[in-house]
Amino acid sequence: MASTPDPLILAIDQGTSATKALLVDVSGAVVGSASAPLATAHPRPGWVEQDPAEVWESVRLAVANCVPGEDAGRVVAVGLSTQRESLVLWDRVTGDPVGPLLGWQDRRTADRCAELLAQGAGPLVAAVSGLPLDPMFSALKAQWLLDTYDPDRRRSRTGELCLGTVDSWLLSRFSPEHRTEIGNASRTQLLDVRTGAWDDRLLELFGVPAAVLGEVTPSDGPFPAACGLAPLPDGVPVRAVLGDSHAALFAHAGWRPGVVKATYGTGSSVMAVVDGHSEMEHGLCLTVGWQHGGQAPTLALEGNIRSSGRTLTWLADLFETSTTELLAAAGSSSDGVAFVPAFGGLGAPWWDADAVATVSGLTLGTGRPALARAAVESVAFQVEDVVAAVEAVSGPIGTLLADGGLSRSATVMQAQADLSGRAVHRADEADLSALGAARLAGVGAGLWSVDELAARPRNSTAFRPTTSSEQRRAAQAGWHAALARARAQPLADFPADTPQPASRRLP
Ligand SMILES: Nc1ncnc2c1ncn2[C@@H]1O[C@H](COP(=O)(O)OP(=O)(O)OP(=O)(O)O)[C@@H](O)[C@H]1O
Ligand SMILES: [Mg+2]
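As annotated in an unreviewed UniProt entry, the chain is FGGY-family carbohydrate kinase from Cryptosporangium minutisporangium. Checking UniProt for the chain, the heading Sequence similarities (unreviewed entry) contains the comment "Belongs to the FGGY kinase family."

(A) Local environment of the pairing of strand β3 (residues 30–37). Inspection of the sheet shows strand β2 (residues 18–25) paired to β3 by seven bridges, in the antiparallel sense. Across the sheet, leucine 23 pairs through a bridge with glycine 32, a residue of β3. The loop that links β2 with its antiparallel partner β3 comprises four residues; one of these, glycine 28, has a positive phi angle of about 90 degrees.

(B) Quick peek at the site of ligand 1. Taken together, 20 residues form the shell around ligand 1, and within it Thr16, Ser17, Lys20, Thr266 and Gly405 come nearest. At 2.4 Å from an oxygen atom of ligand 1 is found a side-chain nitrogen or oxygen belonging to serine 17. Take glycine 405: an N or O atom from its main chain is 2.8 Å from an oxygen atom of ligand 1. Coverage of ligand 1 by the protein chains reaches 78% of its 640 Å² of free accessible surface. For the shell around ligand 1, the secondary structure elements donating two or more residues are β2, α10 (309–318) and α11 (323–329). Looking at the shell around ligand 1, the element that brings in the most residues is α10, giving three residues. A breakdown of the residues in the shell around ligand 1 according to their chemical character gives four nonpolar, twelve polar and four charged.

(C) Main features of the sheet that holds strand β16 (residues 285–290). As summarised here, the arrangement of the seven strands in space is β16-β17-β15-β14-β20-β21-β22, forming an open sheet in which the pairing is mixed. Whereas interior strands pair on both sides, the edge strands pair on one side only; in this sheet they are β16 and β22 (460–463). Pairwise comparison of adjacent strand axes, ignoring direction, gives a mean angle of 30 degrees for this sheet. Inspection of the sheet shows β16 paired to strand β17 (residues 298–305) by five bridges, in the antiparallel sense. Within β17, the position partnered with tryptophan 290 by the bridge is threonine 298. Of the strands in this sheet, β14 (261–264), β20 (399–403), β21 (423–427) and β22 are in contact with helix α13 (residues 410–420), which crosses β21 at around 150 degrees.

Conventions and cut-offs
Residues numbered from 1 in each chain as written. Chains lettered and ligands numbered in written order. Predicted model: local features only at pLDDT ≥ 70, side-chain atom pairs only at ≥ 80, totals over all residues. Heavy atoms only, no water. UniProt positions renumbered as here; feature names shortened; annotations may be inferred. Pairing = 2+ DSSP bridges. Helix = DSSP H or I, 4+ residues; strand = E, 2+ residues; numbered from the N terminus. Near = heavy atom within 4 Å. Polar contact = N/O pair within 3.5 Å; in protein donor to acceptor, adjacent residues only side chain to side chain. Areas by Shrake-Rupley, 256 points an atom, 1.4 Å probe, with all protein chains shown as cover. Nonpolar A, V, L, I, M, F, W, Y, C, P; charged D, E, K, R; others polar. Axes fitted to C-alpha atoms, helices over the stretch in contact; angles between N-to-C directions. Contact = heavy atoms within 4.5 Å.

Set out below in structure tokens:
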């Protein structure tokens, strides 16, 4: 009798800048990986779009390059993690996208957001969704897509159109079923984070008919089986779907209390599971981390930073160099230069839609090393502001777990340790989002249990602070002064007839 080949899990992480695929064996080791880049378009200032068809193609390409044909038959389960909050509209019958994917960084709904805030919608939205009313989340994007492509909502109400997050969109390539995984759904700002159901008040506020949304589904399914992912045979079960940040927390075994992680990707996310908290506090969001095994959803506290890796790629593009070369050119000091990368406002813990991106403290002697260093420090300072907010809720955080593309940079990790005064443990495997999806998929496939995952060693590299607390205090004071300059300030010192900027929002 032929022996059964060792099973493999295929994990796909559909990120903002690339789709990554990993093959994981029964021991949990990564035995194959591939990546396919993904373009982003900025057709107008503040607009951030991707092509839904290209997103799907990048998934197909990453899988094709990751799975050797001779091993395709060994894949027993697929796990999926996805960029969150980004939104796609498509035709249920043809499956064709209707309009572009609106990216999570997209700001075209900022004015509508300001209007809703002025009307006093913020407290209800925050209380129900766990998220501050902000253009980053999907609800305002949903309204824009429907206003543009289905203004009378006829096709939405009749179910001819489907609206969904990226997990929804990819699952729709497998079957016409329309599903959204609960963690991703909790980032739309249309879900009641405590009941795990779409909320009628939020749907009405944003003008989204319930019929256009997918069925909210636990992170372990049921999901349609994968198809169209050659060389994988059609019909391999999808055993896990998670938001990318949630998947990274899961990979860090972040269901244990006290585990706090920061993912350094295009943006950053600091996240920790939380017990019994029911309010947003200290500018942090309340989110469904995951739901599996027939249990209640696990809630997490999260703070999102809009621009971290993106700050480095932006500056590298400006200097017509690569991120790696820019990081190598970073000096040991920013020489008083502070970079506040509020491209389109600031996320957690400030949630200041009107903050502007600034570089301050320039002198005629400022050059690339100081600017690169200031960009690196902007990542670390922003993460530290959120970690401090989490600490205010959860108690002391001695160690920060790190993952994501930009965590590959030892310069960034050391800056984080030095500016935070905390040990930073960087996961040796960068693609923890994919790995988290693989691990939950393996639970679903019966390859291992959650307890076995908890007991597994997680290899990491430690970065320890080399600064004194006085140095850190001085550095943070400089950063907060720069933040104050970048943030919306009333023009109190100007004559009364000076025009005030529209829609200024104070913290
Ligand atoms: N080897 C590296 N060294 C330094 N920085 C890197 C490296 N690889 C990637 N990056 C940085 O990491 C960022 C991309 O990270 P990652 O691939 O985790 O993001 P993503 O998954 O596409 O985005 P997100 O998770 O935010 O949706 C890039 O913006 C780049 O600045
Ligand atoms: Mg990612």
